[in-house]
Every structure is written in structure tokens, then in C-alpha cells.
Amino acid sequence: MTTIVTRERLPHTLAGATPAMMRPAAISPPPAGMTPGDIMRILRKRMWIIILSTLIMSALAAVGTFLWLRFSPSYTAQAYLQVDAPKSDALTSTTFMYPKEIMDRIKMTHAKMVTNENVLTDAAKQDDLRQTAWFARQKDPVRSLSKEISVSPIAETNFIQVSMTGPERTELPIIVNAVAKAYVDYASDTRRRSNEGEAGRIMAKKTELEAQLDKTRQEAAIAKRDMGNLRGSVSAADLDVQEKHAQRGLAEREYRQAKIQLDNLTDAEKNGKIGDSKDVQEALQFDAQLRSMEAQRSQMASRRDTVQQKFGPESLQLQEYKRSLDALDREIGTRRKEVADMAINAARVKAQDAANQASNVLDQVTDAYKEALAAQKEAQAKLGTLDGLAVSEQHLLEQIKKCEDRMLELGLLAGGSSHDVWLTAQADLPKEPSMPRWAVMMPAGVFLGLMLGLGLAFLLELTDSSIKSPSDIARKVDLPMLGMVPHLEDLDEEIEDLRLSFRTNPNSLVSEAFRQIHTCMLFSGAANQRRTILVASATPEDGRTTVAANLAATAARAGRKVLLVDTNFRQAMIRQLFPLCNERGLSDALVGQYAWRDLVSQAEPGLFVMSAGTLPPNPAELLGSESMRATIAEMIAEYDQIIFDAAPCLVVTDAIVLSTMVDGVVLVIRAGVNTHGIVQRARDTLNRVGARILGVVLNGVRATPGGYLRKHYESFYDYREKAQLDTEATATDEAPPAEGQEPEEPAPVGARGSDEQA
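Read on for an overview of the structure. Quantities reported herein were computed from a predicted structural model and do not represent experimental measurements. (Residues numbered from 1 in each chain as written. Predicted model: local features only at pLDDT ≥ 70, side-chain atom pairs only at ≥ 80, totals over all residues. Heavy atoms only, no water.)

## A few points about the packing of aromatic side chains
Describing an aromatic ring pair means giving the distance of the ring centres and the angle of the ring planes.
Here is step 1 of the chain: Evaluated as defined, the whole model comprises 3 aromatic pairs.
Here is step 2 of the chain: Centroid distance Phe 608 to Tyr 639: 5.6 Å. Interplanar angle 65 degrees. Geometry classified as edge-to-face. Linking Phe 608 in strand β9 (residues 607–610) with Tyr 639 in the loop between α22 (626–638) and β10 (641–645), this pair joins segments that are 31 residues apart in sequence. Here Phe 608 and Tyr 639 have matching classes, each one buried.
Here is step 3 of the chain: Members of the aromatic cluster, connected to one another through ring pairs, are Trp 596, Phe 608 and Tyr 639.
Here is step 4 of the chain: For Lys 561, the ring lying beneath its charged end belongs to Phe 608, and the centroid distance is 5.6 Å. (Phe/Tyr/Trp six-rings, centres within 6.5 Å; stacked < 30°, edge-to-face > 60°. Helix = DSSP H or I, 4+ residues; strand = E, 2+ residues; numbered from the N terminus. Buried < 20%, exposed > 50% of the residue type's maximum accessible area, 1.4 Å probe, protein only. Lys NZ or Arg CZ within 6 Å of the ring centre and 35° of its normal.)

Written out as C-alpha cells, the structure reads:
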């Protein structure tokens, strides 16, 4: 397979985009709580716990059921009571068909009464029950029966089931039958006493009905004699009602008119227009004092005009007349107000008196009208008494007939049977144990095991705070996701050193993962804002060096000139990966012993590396110096991209100091190891110093069986295998070289023609 070396180019659709537009969109956290995807992931991950707990509980259920059946099985004896519908009451409509709700209530009542203390006491007195070994062991047989006897109505039938469960196989039928027979006898006695009491009540009711019948017949005879007088009373009452109704209507009209006048007067007073009313104007016009004062004012005004013409406008006499006129005007205004107020009060009192008088008249007429109506109803009621008495007489005759029929029926029952409850089926000797049952115990064991396994699975998941999947990053860290690096154990190919996978296995799944990370970084900002990238992590052994080395190799093979710098002055790793790298490195250049350009080594075309150099005693101060800033500025001028491998940012401050000098930070997270709390602390620490976090690389991601990652891996290998087969088939189909002609040498990797083809 050949490789086409191309220069990094942005898509045409992003050529005019601003840096803010090219930043990766922040992944919005999903809703709080557990999603269906999270549940499926937990089930796949903890599948063996669920299966194992289910198998263990199933085995325990099987062993327990076997031992229970072998040493202490339980048997159940059952007897059935039949409940008949009760006889209909003689004083109600005769019917023997009861609704289902009524019959269910009757059966439930009988079922509750079976365990009555009186019934159980009678059962404990029976000889068959007293001769059992069970009775000999009981200190209080009645109390034991109330606990062990089970009674339940059977739906959609007239039967009640009486049962008892225990190890005494031969004695259970005796106990159950004794309780059932005791309740049948108890119900029979209760019914007999009820019939006797009912007979007495019916006889008393019949006597009362006969007395009412005699009284009704006497009242009917009197009503027939007074029929003529009653008709005349009804006619007179009707005329009186009509007259009173007309008087009531007239009184209502007068009251409404008086009320309207009072309301109009009140509204005029509220709106300030009461002074324009006719009553007020007439009062002002006919008030003698007011007319005298106005005449006096007219004379004084005439004299004022004469004085003004004679002595001029500034004379003292004219001023005196003006003061007198002003005082007189005030007196006239005061008098006009007094007269208006008196007129208003008089009008108000007059209107109120008229309304009160009309209201009193209306009340009197209304009371008279009501009395006329009552008299009319009374007369009509007396007239209709005769018909009512005839109906009452017929009803009483029917009630007396029912009482006689019921008395006859009770007499027949007294000579026969009065049972409502029958012992239909006695309890037989149980043939098989009732508990335990395999059909119940095994499903219960499986269900309990399944619930226990699910509970353990979710408990382990909830107590595990480590980050394992991209959804954890989105939900708990809230940072952009650049990509994932799979775990070596999940790959179908051998990679000796994951840190050099892009150089040793360029076509592997791991290398494809780093290409994806590099592609996401291309669009994390403008090109001049991602020249210098710091690869950091929260804790040691998270895979910083792996990510930094592979990203550098990926960018170099994409046609860029890349410099990989080891800034981990605590545990330098770059020189172990690149043995030809200069032993002297960055620290030696920062202290001024060497020029940094002399310490750079070329690892492969386009990829240059610089080791950490001599480990200094003050790494943080050295990385935060002005010499480091100047060195970075010089590196930017010569390389397309500089990638720094830093120390863990939560262990030492080296990476925090250096993050303020680079364009962006790539945060590496070890899946299943780093907790979300640790990653959040690292994120917050970088944000506090103003570092720009480009995104997160999730390293060492495990694939669950049947999960998305496993399917993705399988699809990748299938696709690569198909591509290799297609390449081999194409090479086989090519024609062989002509005789005497040398075969063409394959173009070296990285060679380019004028059209940049390999």
C-alpha cells in the first residue's frame, strides 16, 4: 500500500470561517439520570455478575426445594361451602336474583364469619378434632385455628374455600371438616333465629297496616260528604290568588320607580351634577335671603362703577367698595351652598321615604299573596285527599297481602330447612404436598437471582466514579471529545509499543484513531491558533507520551514539519522512544548551555524531536521563564507545529505553567482509571490560569461484547481485509512485463511528482 503525502488544507466550506466558528462545538450534557443506552452498557459490562447470581440463586432454590420436600413438606386440605341467595324480605319487591356485587359481599361476609371465635370454639369441641395429635399440642386451640385456617371466596361461583396447610397430612382433613361443619350449624341457628324474629316483626307490621287501613277508610268517607264545600273553597282561593297577584305586580312597579328615582339622585350626587337638578334650582330661586343679598350686590356694584368714574381706579373709596363686594360674594356663595345642601337633603329624604314606603307596601302585598297561595294549596290538597286516600287504601291492602304471604312462607320454612350455607364438598386426604412446588420455587429463585444480579450490577456501576466512555465525558466533564484510543487487548493485531504505533503500524486501528484525533484538532481553531499544543493529563501513566508521539507522527506524515518536545523534567520519556535523539535537550537550552536548534534530532521525514535534557532542580521555574517564551517563539518561526509532552498537571505545576504559553491543551484521560472528580479538578485548574483546552482524548477504552466499539472494530478489520484483497486482485490482473524488459521499481513512500501522486 502506498501513501499519498499531502499538505494540510482546510475544506473550501471553511476557508472564510473565523477561529470562533472553527472551534469544536461544546458537547451539551445529556439529561440528568440514566439513559437507555447507559442501562444497556451496564448490562453488557456486568453480564457475568447477573448470570452468576442468577445461577447461584437458581441452584439454591433447587437444593432448598429438594430438602424441603424430603424432610418437611407441607400439605393442604380443602373443604367447600356453598352460599345460597338469602330469602327476599316480605316488605320489599319479591326477587331471588341478586347482582354480582351483592352476592360477592354476601360471600365475603360468610368468609369472615367462618373464623369467628364462636364458630372456632364450637369446632374445637367436636370429638374428631379433639382426638387429633394437633389438638394435643395446642395450648389455645381456638387461637391456633384462627391463625392456621384460611378462608377465601371463589370468584364467579357461590363457593367458599376453607383450607389449612401444615405437615399433619392425615389430620388436616379432620380439622378443616370440623370447622366447616361448625360454621354450617352456626349459620343454620343464626338463620332460624332470624326467621323467628322476622315473623314477629311481620306480625307487628301487619297489625299496624290494618290500623292504618281503617283510618284511611274513615277519612275517605268524610271526604266524600264534604266534596261540594271543598270545590267552592278551591274556586274562592283561586280568585283570591289572582287578585293578590295583580296587587303584587302593581306594588313591584311602584317600588321599582321609587328605587330608580333614589338611584338617579345618588348618581347625580356622585357625579357632581346634583346642583343642576330641578329641586335645587327652585330652592335657589325662591330663597328670600339669597334674593335680597343678590339685590344688595347689584346696588353695590352700581355704586362702585359710579365711584370709579368719579374718583378714578386708584381711589380709596373704590378699593373699599371692591372689598365689600368680595365679602358679599363670599356670603352669597356660602348661602347658595347652604340652600343647595338643604334642597339635596330634602330631595334625598323624600326619595328614600318614597322607596321605603313602596318597599313596605310590596312586602305586605307579597305576604298576602303567599297566604293566598297557601290557602289555595290547602284547598286543592283537601280536594285531592279523596284520590290519595283511595291510592293509600290500595297500597295498604297490598302490604297486608305480602305480610300474609311471608308469614305462610316462614311457616313452611319452620317445618323444613332454613340453611343458607351448605357443606358441598368435605376435605379429603391430600395426595401431594402443596409446598414447596417446583413450578413456584424455581421461577422465584431465578427472579431473585436476576434481581440480585441487577442490583449488584447497578450498585457497582453507581459506586464506580471512573470515566469509561464518551458519554461520561459529556455528562460529567463537559469538554469537547477529540477521539478515543482503544485498549491493546481489544485489538486483533500485535503492537509492541503503543507509543510508536503510528510509526510501526501505520495501517492499524490505533493509527486510524490518532488520525481522527488529528483531524478534530485541525478544526479546533484557526491554523495560527494551534501551532503549539501541550499534551497533558491529570495523573501519571494516563498516556500523555503515547498521544503526543503519535499525534506528532500523524501530523508529520500529513506533510507538516513537526517538532516533538519533551517538557517532562520529572520523568522524561521521549529519549526512550527515539534512541537517536540527542541526550542534551530543552533544559540545557533554557539555562543557556546550548542553542536549542543544535539539540533537535530528526526521527523521520517531517518529524523532529527534542529530549528533556538534564533534569533540573527547578522544573516549574525553568518552564515559566522568559527564556522558555522566547524559545517557543523561535520554534514557531521554524516549524509548522510544536507538540509538548508535559508532566501530570495535578501532581506538579509544570504543565499548568506551560499551558499559559501554548495555543491549546489536549487533556488525556485514562478510561476506567481517572475519576470524573480528578478530571474536573484538572479542567478547573487549567481554566483558572486561562489555558485553552482544545478537547479530551480518552485513552485505553475497552470494548464490551456486542457493544458499539466492538462492532466498530469488526467493521474496520473487515473493511481493511476487503481492501487488501481488492489490491491483490488488481495486482494479479496486471499484464506481465514484456520479454527483456525490467519490471518498474515501485515509487518510494513519500515521493511526489508534479501532481503530488505516489
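## Observations concerning the packing of helix α3 (residues 47–71) against helix α14 (residues 438–463)
Here is step 1 of the chain: Between α3 and α14, the least distance of the axes is 7 Å, while the angle of their chain directions is 150 degrees. Taken together, the axes of α3 and α14 lie roughly antiparallel to each other. Here the hand of the crossing between α3 and α14 comes out right-handed.
Here is step 2 of the chain: In terms of residue class, the contact of α3 with α14 is built from 19 nonpolar, 7 polar and no charged. (Axes fitted to C-alpha atoms, helices over the stretch in contact; angles between N-to-C directions. Parallel < 35°, antiparallel > 145°, perpendicular 65-115°, else oblique. Left-handed = near helix turned anticlockwise from the far one by under 90°. Nonpolar A, V, L, I, M, F, W, Y, C, P; charged D, E, K, R; others polar.)

## Focus on helix α12 (residues 288–311)
Count 3.6 residues to each turn of an α-helix, and residues three or four apart come out pointing the same way.
Here is step 1 of the chain: For α12, spanning 24 residues, the distance from its first C-alpha to its last is 34 Å, which sits close to the expected 34 Å at 1.5 Å a residue.
Here is step 2 of the chain: Taken as a whole, α12 has its buried residues at Leu 290, Met 293, Met 300, Ala 301 and Val 307.
Here is step 3 of the chain: Gly 312 sits one or two residues past α12 and shows a positive phi near 95 degrees. (Expected span 1.5 Å × (residues − 1).)

## Comments concerning the sheet that holds strand β11 (residues 664–670)
Here is step 1 of the chain: On the basis of which strands lie adjacent, the open sheet formed by 8 strands has the order β5-β12-β11-β6-β10-β7-β9-β8 and mixed pairing. Of all strands in the sheet, those with a lone pairing partner are β5 (481–486) and β8 (601–604), marking the two edges. Taking each pair of neighbouring strands and ignoring which way they run, the sheet shows an average axis angle of 25 degrees.
Here is step 2 of the chain: Alignment of β5 against strand β12 (residues 693–701), held across 5 bridges, turns out to be parallel. From the neighbouring strand, Pro 486 faces β12, where its bridge partner is Val 701. (Pairing = 2+ DSSP bridges.)

Note that all results are geometric; they support no functional claim without further evidence.
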